[in-house]
Amino acid sequence: MSHAPQYDQSLRPAAKIARLLGLSDWTLNQIDAVGLRYVGTLTVWGHWVILALVLFEVVYRPYYGMLRVAVYLLFPLLLAGYNGYLHYRIRTKGSITGTSLLALYVMDAVALSIAITLGAGFSHYFMHLFYYPALAGFAVVFTSLRLNLAWVTAVSLVYVTISLTVGDGLDYEARDEKALLARVAMMYAVVGVVNAASRFERMRFGQAVERERALERERIELSQTIHDTAAQSAYMIGLGIDTARSLAGNANPELTAMLDEMSRFSRSAIWELRHPINMGGIYEGRELNRALRSHASSFTNITSVPAELVQTGVEPPLSIETRGLLFSIAHNALTNAYRHAEASRVSVELNFGEGSLRLSVSDDGAGLPHDYAERGHGFTNMSRDAERLGGRLVVEERGAMGGATVTCVMPLDIG
């Protein structure tokens, strides 16, 4: 199965409610996990700013009496508690659900309506402005125009009802009805503009996802094709060389040396072909530790050099690109251990710490020459891949096992 950026599935309960209301063109939230987290982060910080302003307004110059001040403080405190919970989720879990954002927007609308009711209804000169960010946030998370129209209509009807019935109502001589109409029209305008921009971005995102899925399918098909053709042919050639080496014995030293070298080259070729083949598992959704464990097993089978994977911590969700780049770094480091280090044992270590990931490949071979960076493209490619991950490559000419140790350290953004 492809693991391209997935749409958030946490809005299914809301989808059922929408269908019950006859909103047949309901469109499930199409923000990927990273995008939804970004929207959630902006929403949370925006709420902190708004709550701070509301608290300042209420405390600085209270003019409604202690009871109303207490009620005014109650709802901001409730919102602050829930907003704090969402902030905690983002900081510690690194993710947020669409349903939790939906609950926050609904709480905004309810709290604002109660606050406007207590604040003399339509005559309050600024409280209605806080409807707009709640409506805009809803329009960002949801793509259905019909659902957005239903939401803004419900909110505007509540506001119109409050304006007509609370306090002194509308002053028709002062043409308050025109101001009310303008406020309601602005609600629809905000929702329409934000929803149009959001739908446009979702369309682009959907096209990008489809292209990525098509590329993943091509990569998986390519890995299978290589496995069924080139890899099998290389294996048969290597088997033939080994058989010839066995039959030749030691009677002709030059022939024996040549066959040994040919056997080593064939094993090296077979190992290089395992890179795209085993990389196919990454595109099929395999976790990094599983893919590397399988790759280490292939390394042992092909080269006869024992390799093991040691994991510390629990692997968090990683993107296909991140897993692919880390896999390539590990492959190049294993290749170096086989081709140049003459190692008899290799260890691959995966460490998932708090806020960072560490991938190390160590061997007990001959170590690295001082000019290793200028030899070939392996270390250049590994360094470039580490930089693309936002991390760095650390190379020890003599590591913990006596040979070389190649380490990639990268941050895990969970804050």
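Located above this text is the structure these notes cover.
Residues numbered from 1 in each chain as written. Predicted model: local features only at pLDDT ≥ 70, side-chain atom pairs only at ≥ 80, totals over all residues. Heavy atoms only, no water.

Asks: Describe the overall build of the protein chain, listing the residues and the values that go with them.
Replies: Helices and strands together make up the secondary structure of the protein chain, namely 12 helices and five strands. Evaluated residue by residue, the protein chain yields a buried proportion of 43% over its 415 residues. Put simply, 72% of the contacts in the protein chain that link residues at least 6 apart link residues at least 24 apart. Of the roughly 22,000 Å² that the protein chain leaves accessible, carbon and sulfur atoms contribute 61%. (Helix = DSSP H or I, 4+ residues; strand = E, 2+ residues; numbered from the N terminus. Buried < 20%, exposed > 50% of the residue type's maximum accessible area, 1.4 Å probe, protein only. Contact = heavy atoms within 4.5 Å. Areas by Shrake-Rupley, 256 points an atom, 1.4 Å probe, with all protein chains shown as cover.)

Asks: Any details on the pattern of salt bridges? Residues and values, ideally.
Replies: In total, this model carries two salt bridges according to the counting rule given. Among the salt bridges present, the one from Arg339 reaches Glu272, with a minimum N-O distance of 3.4 Å. Remark: Glu272 occurs in helix α9 (residues 253-283) and Arg339 occurs in helix α11 (residues 320-339); sequence separation between them is 67 residues. On the basis of relative accessibility, which here comes to 41%, the residue Arg339 falls in the partly exposed class. Of the charged contacts, one joins Glu321 and Arg388 as a salt bridge, the two residues approaching to 3.3 Å between their closest N and O atoms. Here Arg388 lies in helix α12 (residues 378-388) and Glu321 lies in helix α11, a separation of 67 residues in the sequence. Residue classification places Glu321 among the partly exposed residues on the basis of a relative accessible area of 48%. Under the relative-accessibility criterion, Arg388 is labelled exposed at 53%. (Salt bridge = Lys/Arg side-chain N within 4 Å of Asp/Glu carboxyl O.)

Asks: Explain the side chain of Thr322 residue by residue, including any values.
Replies: Structurally, Thr322 can be placed in helix α11. The class for Thr322 is buried, based on a relative accessible area of 14%. If sequence neighbours within four positions are ignored, Thr322 has contacts with Leu389 and Met410.

Asks: Requested: an account of the packing of aromatic side chains, with residues and values cited.
Replies: On inspection of all chains with the given rule, the structure shows four aromatic pairs. Taking 6.1 Å as the distance between ring centres and 35 degrees as the angle between the ring planes, the aromatic pair formed by Tyr82 and Tyr85 counts as tilted. On the criterion of helical spacing, the pair formed by Tyr82 and Tyr85 is a turn pair, its members being three residues apart in helix α3 (residues 66-93). Overall, Tyr85 belongs to the partly exposed group, its relative accessible area being 43%. A centroid spacing of 6.4 Å and a plane angle of 85 degrees characterise the contact between Phe299 and Tyr338, whose relative ring orientation is edge-to-face. With Phe299 in helix α10 (residues 288-303) and Tyr338 in helix α11, this pair connects stretches of sequence that are 39 residues apart. Of the two residues, Phe299 and Tyr338, both sit in the buried class. Just above the ring of Phe122 sits the side chain of Arg183; from NZ or CZ to the centre is 4.3 Å. (Phe/Tyr/Trp six-rings, centres within 6.5 Å; stacked < 30°, edge-to-face > 60°. Lys NZ or Arg CZ within 6 Å of the ring centre and 35° of its normal.)

Asks: Describe the packing of α9 against α11, with residues and values.
Replies: Relative to each other, α9 and α11 sit at 165 degrees, their axes nearing to 10 Å. When the axis of α9 is compared with that of α11, the two are roughly antiparallel. Seen from above, α9 lies across α11 with right-handed handedness. Contact with α9, carried on its side by Arg264, Arg267, Ser268, Trp271, Glu272, His275, Asn278, Met279, Ile282 and Tyr283, involves Ile320, Arg323, Gly324, Phe327, Ser328, His331, Leu334, Thr335, Tyr338 and Arg339 of α11 and no other residues of that element. Partitioning the contact of α9 with α11 into residue classes produces eight nonpolar, seven polar and five charged. (Axes fitted to C-alpha atoms, helices over the stretch in contact; angles between N-to-C directions. Parallel < 35°, antiparallel > 145°, perpendicular 65-115°, else oblique. Left-handed = near helix turned anticlockwise from the far one by under 90°. Nonpolar A, V, L, I, M, F, W, Y, C, P; charged D, E, K, R; others polar.)

Asks: Report on the nonpolar core, specifying residues and quantitative values.
Replies: Counting residues in hydrophobic clusters, the biggest one holds 45 residues, and the most contacted among them are Val346, Leu357 and Leu359. Contributions of two or more residues to this core are made by α9, α10, β1 (307-312), α11, β2 (346-352), β3 (356-363), α12 and β5 (405-411). Among the elements that line this core, the one with the most residues is α11, at 10 residues. Setting aside chain neighbours within four positions, we find Leu357 in contact with Leu318, Leu326, Leu350, Asn351, Phe352, Cys408, Val409, Met410 and Leu412. Counting residues in each nonpolar core, the second largest holds 43 residues, with Leu102, Phe122, Val184 and Val190 among its members. (Core = buried A, V, L, I, M, F, W, Y, C linked by side-chain atoms within 4.5 Å.)

Asks: Report on the layout of surface pockets, specifying residues and quantitative values.
Replies: By volume, the second largest pocket amounts to about 500 Å³. Around the second largest pocket, the lining comprises 26 residues; the ones closest to its centre are His47, Ile50, Asp108, Phe130 and Pro133. The set of elements that each furnish at least two residues to the lining of the second largest pocket consists of α2 (33-60), α3, α4 (98-118) and α5 (131-141). The element best represented in the lining of the second largest pocket is α2, accounting for nine residues. Here the residues of the lining of the second largest pocket are counted per class, giving 21 nonpolar, four polar and one charged. (1 Å grid on protein atoms, 1.4 Å probe; cavity = no way out; pocket = protein on both sides within 12 Å on 5 of 7 lines; lining within 4 Å. Points joined across faces, edges and corners; volume = space filled by probe spheres on them.)

Asks: So what's going on with α4? Which residues, and what values?
Replies: For α4, which comprises 21 residues, the first-to-last C-alpha distance of 30 Å matches the rise-based estimate of 30 Å (1.5 Å per residue) to within 8%. At the C-terminal side of α4, Ala120 shows a positive phi close to 75 degrees. (Expected span 1.5 Å × (residues − 1).)

Asks: I'd like a rundown of α5, residues and numbers included.
Replies: Among the 11 residues that make up α5, nine are buried, leaving the element largely enclosed by the rest of the structure. For α5, the complete set of buried residues consists of Tyr131, Tyr132, Ala134, Leu135, Ala136, Gly137, Phe138, Ala139 and Val141.

Asks: Lay out the sheet that holds β1 with the relevant residues and their values.
Replies: Across the sheet, which stays open at both edges, the five strands sit in the order β1-β2-β3-β5-β4 with mixed pairing between neighbours. In the strand order of this sheet, the two ends are held by β1 and β4 (392-396), each with one partner. The sheet shows a mean angle of 15 degrees between the axes of neighbouring strands, direction not considered. In this structure, β2 lies alongside β3, joined through seven bridges in antiparallel fashion. Residue Val348 lies in a different strand from β3, and its bridge partner there is Val361. Sheet strands in contact with α10 are β1, β2 and β3, and its direction is about 160 degrees off that of β1. Its contacts with the sheet put α11 on β2, β3, β4 and β5, and the angle it makes with β3 is roughly 15 degrees. (Pairing = 2+ DSSP bridges.)

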